[in-house]
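Topology and contacts: notes
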Amino acid sequence: MGSSTTDTPLEELLAPVVAASGLELDSVTRTRSDAMPLLRVIVDAPIGGDGVDSDTLADVSRAVSKALDAADPIDGEYLLEVSTPGAERELTKVGHWLRQVGRLVRIKLRAGGYVSGRVVSADETGAVIDVDGEETAVAYQDMRKARARVDFGGGE
């Protein structure tokens, strides 16, 4: 079983490389395992963007690989994975919340229980969730965990 750590120096190295491709760097994590180390670079479209297509992802992947080869920040061989956040990703940053406006989320509260609904708005301190037609403000500090949910479109 490997451990995973956020790599701030690599985030600083790669953020401008990813930005040059019109995307935003979400996170860089390094996973150590018995096999080859894995460097996972998560990129996302800017807020209000249309998402990331496979051509753009391939371009970013090449640019990231080239930047890493030039900087040579990792000893020995490693695997590089450049991808987008999963559909039901955990929401841990304000930027994640801003991207979720209009989408479904499920929040586990520190006080216990859950809030599920559609994100109406988000700012630096918390998010407003539409729960069955009623708006509920939830501060980030009151959230134990929050996940994006896939919306299969009920057409209500």
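Above this text sits the structure in question.
Parameters and conventions
- Residues numbered from 1 in each chain as written.
- Predicted model: local features only at pLDDT ≥ 70, side-chain atom pairs only at ≥ 80, totals over all residues.
- Heavy atoms only, no water.
- Helix = DSSP H or I, 4+ residues; strand = E, 2+ residues; numbered from the N terminus.
- Patch = residues over 30% accessible without salt bridge, like charges linked within 9 Å, V, L, I, M, F, W, Y side chains within 5 Å.
- Areas by Shrake-Rupley, 256 points an atom, 1.4 Å probe, with all protein chains shown as cover.
- Salt bridge = Lys/Arg side-chain N within 4 Å of Asp/Glu carboxyl O.
- Lys, Arg positive; Asp, Glu negative; His and termini not counted.
- Charge placed at Lys NZ, Arg CZ, Asp CG, Glu CD.
- Buried < 20%, exposed > 50% of the residue type's maximum accessible area, 1.4 Å probe, protein only.
- Core = buried A, V, L, I, M, F, W, Y, C linked by side-chain atoms within 4.5 Å.
- Contact = heavy atoms within 4.5 Å.

**With respect to the environment of Ser21**
Within the element layout of this structure, Ser21 appears in the loop between helix H1 (8-20) and strand E2 (24-32). For the pair formed by Ser21 and Ser61, sequence separation is 40 residues and the distance between their alpha carbons is 10.0 Å.

**Topic: a positive patch on the surface**
A contiguous patch of positive charge on the surface is contributed by Lys108, Arg110, Arg144, Lys145 and Arg147. At 3 residues, the largest contribution of residues to the positive patch is made by strand E9 (residues 143-148). Structurally, the position occupied by Arg144 is in strand E9. Residue class for Arg144 comes out partly exposed when judged on its relative accessible area of 48%.

**Topic: the nonpolar core**
If you look at the biggest cluster of nonpolar residues, it comprises 16 residues, and the most contacted ones within it are Leu14, Val41, Val43 and Val64. Residue assignment for this core shows that the elements contributing at least two residues are H1, E2, strand E3 (38-44) and helix H2 (54-71). Residue contacts for Val64: discarding those within four places in its chain leaves Leu14, Val17, Val18, Val41, Leu80 and Val82. In terms of nonpolar packing, the next biggest core, distinct from the first, is built from 14 residues, Val105, Ile107, Val119 and Ala127 among them.

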